[in-house]
Amino acid sequence: MDHLVKYYNFKKSELVGYVKESGSSELEERTRDIIRNIESFDTELLKESYRSMLTALLMEITKSGLEAKLSALFIEHDIWGYEGYLYGYVGGEYPLLDGSKDLDYECFGEQDFTSEGYFDYSVLWKVADDETIEFLESAYYPDSGLFSFFKEYLAASAFVELGNVISELQSEMPVDHLLNRIPIYANEHDMPQVSISAV
């Protein structure tokens, strides 16, 4: 989905621009290294991991008996962790979102499902784990909010591959399968949602 690539490029340029404001050439180089490592990460390994986790979460929905009722799915994570939890809503209106604004509150239906399992983002995000990012901020750009910019960039990188995996799964599933019937969004819980899959 083109909007996911645009979202990734925006978050990347936002991070690079913010780091440049620090005036630290060493921080700029460390940041470029992290971006290079993210962009050269083993895509097949990542896809395999994401496919496995999505399949497990979809099985959880099937076992819940709510599959036919759900209207939208949201994978939401917290900035301080690697786990994204799946929430399912019944009813509501769910447009395509590019991450620039929140879904209006009145668009939400009723939350009817919360996963027990979680989507583990750590496979990719540990290229720059929380401890590393906290060190970079404290050493080169104290109290700047750099941590948030890094985590938003990492989330955007994961969302692109997550979207690719969902697209592949959609092509393998019957047209009436959950993945081909309802939209899927992802976000950090204090940030706007991004459409990972639109139907």
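On a predicted model such as this, the values are computed, not experimentally measured, just so you know.

Reading the values: rules and limits
Residues numbered from 1 in each chain as written. Predicted model: local features only at pLDDT ≥ 70, side-chain atom pairs only at ≥ 80, totals over all residues. Heavy atoms only, no water. Helix = DSSP H or I, 4+ residues; strand = E, 2+ residues; numbered from the N terminus. Expected span 1.5 Å × (residues − 1). Buried < 20%, exposed > 50% of the residue type's maximum accessible area, 1.4 Å probe, protein only. Arc of directions from axis to C-beta. Polar contact = N/O pair within 3.5 Å; in protein donor to acceptor, adjacent residues only side chain to side chain. Phe/Tyr/Trp six-rings, centres within 6.5 Å; stacked < 30°, edge-to-face > 60°. Lys NZ or Arg CZ within 6 Å of the ring centre and 35° of its normal. Axes fitted to C-alpha atoms, helices over the stretch in contact; angles between N-to-C directions. Parallel < 35°, antiparallel > 145°, perpendicular 65-115°, else oblique. Left-handed = near helix turned anticlockwise from the far one by under 90°. Contact = heavy atoms within 4.5 Å. Nonpolar A, V, L, I, M, F, W, Y, C, P; charged D, E, K, R; others polar. 1 Å grid on protein atoms, 1.4 Å probe; cavity = no way out; pocket = protein on both sides within 12 Å on 5 of 7 lines; lining within 4 Å. Points joined across faces, edges and corners; volume = space filled by probe spheres on them. Core = buried A, V, L, I, M, F, W, Y, C linked by side-chain atoms within 4.5 Å.

**Student:** Provide a residue-level description of helix α3 (residues 43-64), including the pertinent values.
**Tutor:** Along its 22 residues, α3 runs 31 Å from first to last C-alpha, staying within 8% of the 32 Å computed at 1.5 Å per residue. When α3 is considered as a whole, its buried residues turn out to be Leu-46, Lys-47, Ser-49, Tyr-50, Met-53, Leu-54, Leu-57, Leu-58, Glu-60 and Ile-61. The buried residues of α3 all sit within an arc of 165 degrees when viewed along its axis, so they share a single face. Away from the buried face of α3 by more than 90 degrees, exposed residues Glu-44, Glu-48 and Lys-63 are located. Here α3 starts with a cap whose side-chain oxygen sits 3.0 Å from the backbone nitrogen of Glu-44, and that cap is Asp-42. Residue Gly-65 follows α3 closely and has a positive phi angle near 80 degrees.

**Student:** Could you give me a rundown of the packing of aromatic side chains, with the residues and numbers involved?
**Tutor:** Enumeration over the complete set of coordinates arrives at 17 aromatic pairs. Look at Tyr-94 and Tyr-185: their rings are 6.3 Å apart centre to centre, the planes differ by 50 degrees, and that puts the pair in the tilted class. Taken as a pair, Tyr-94 in the loop between β2 (83-92) and β3 (108-114) and Tyr-185 in strand β5 (residues 184-188) lie far apart in primary sequence, 91 residues in all. Residues Tyr-94 and Tyr-185 agree in their burial class; the two are buried. An aromatic cluster is defined as three or more aromatic residues linked by ring pairs; in this entry it consists of Tyr-7, Tyr-50, Phe-119, Tyr-121, Trp-125 and Phe-159. Directly above the ring of Tyr-82 sits Lys-126, whose terminal nitrogen or CZ lies 5.3 Å from the centroid. Geometry around Tyr-82 places Lys-151 over its ring, the cationic atom sitting 5.6 Å from the centre.

**Student:** How would you explain the environment of Glu-131 if you had to name every residue and give the values?
**Tutor:** Locating Glu-131 in the fold gives a position in helix α5 (residues 130-140). The spacing of Glu-131 and Lys-20 is 111 residues in sequence and 21 Å in space, taken between C-alpha atoms.

**Student:** Help me get a handle on unusual backbone geometry, residues and values and all.
**Tutor:** Phi is positive for Asp-143, close to 55 degrees, though the residue is something other than glycine. Along the chain, Asp-143 falls in the loop between α5 and α6 (146-172).

**Student:** Help me get a handle on the packing of helix α2 (residues 25-39) against α5, residues and values and all.
**Tutor:** Each pair of packed helices can be described by the angle between their axes along with the distance between the axes. Two numbers describe how α2 lies on α5: the axes approach to 10 Å, and their chain directions differ by 165 degrees. In this view, α2 runs roughly antiparallel relative to α5, as classed from their interaxial angle. Considering the relative orientation of α2 and α5, their crossing is left-handed. Along its contact with α2, which presents Glu-26, Leu-27, Arg-30 and Ile-34, the element α5 presents Phe-135, Leu-136 and Tyr-140. Looking at the contact of α2 with α5 residue by residue, the class counts come to five nonpolar, no polar and two charged.

**Student:** Summarise the layout of surface pockets; cite the residues concerned and give the values.
**Tutor:** What the largest pocket holds in volume is close to 210 Å³. What lines the largest pocket is a set of 13 residues, among which Ile-38, Glu-39, Leu-46, Ser-157 and Glu-161 lie closest to the centre. Put simply, the parts of the chain that give the lining of the largest pocket at least two residues each are α1 (2-21), α2, α3 and α6. Residue classes in the lining of the largest pocket are distributed as seven nonpolar, three polar and three charged.

**Student:** I'd like a description of the nonpolar core, backed by residues and values.
**Tutor:** Counting residues in each nonpolar core, the largest one holds 56 residues, and the members touching the most others are Tyr-50, Ile-75, Phe-119, Tyr-121, Phe-159 and Leu-162. Per element, the largest residue contribution to this core is 14 residues, and it comes from α6. Setting aside its immediate chain neighbours within four residues, Leu-162 contacts Tyr-50, Leu-54, Ile-75, Phe-119, Tyr-121 and Ile-196. The next biggest cluster of nonpolar side chains, apart from the first, holds nine residues, and it includes Phe-74, Tyr-94, Leu-97 and Leu-103.

**Student:** Please give an account of empty space enclosed by the protein that cites residues and values.
**Tutor:** Counted by the stated rule, this structure contains one cavity of 30 Å³ or more. Here the largest cavity is characterised by a volume of approximately 40 Å³. Leu-54, Leu-57, Leu-58, Leu-73, Ile-75, Leu-86, Leu-179 and Ile-184 are the residues that line the largest cavity. Put simply, the parts of the chain that give the lining of the largest cavity at least two residues each are α3 and β1 (72-77). In terms of residues, the lining of the largest cavity owes the most to one element, α3, which gives three residues. Counted by class, the lining of the largest cavity contains eight nonpolar, no polar and no charged residues.

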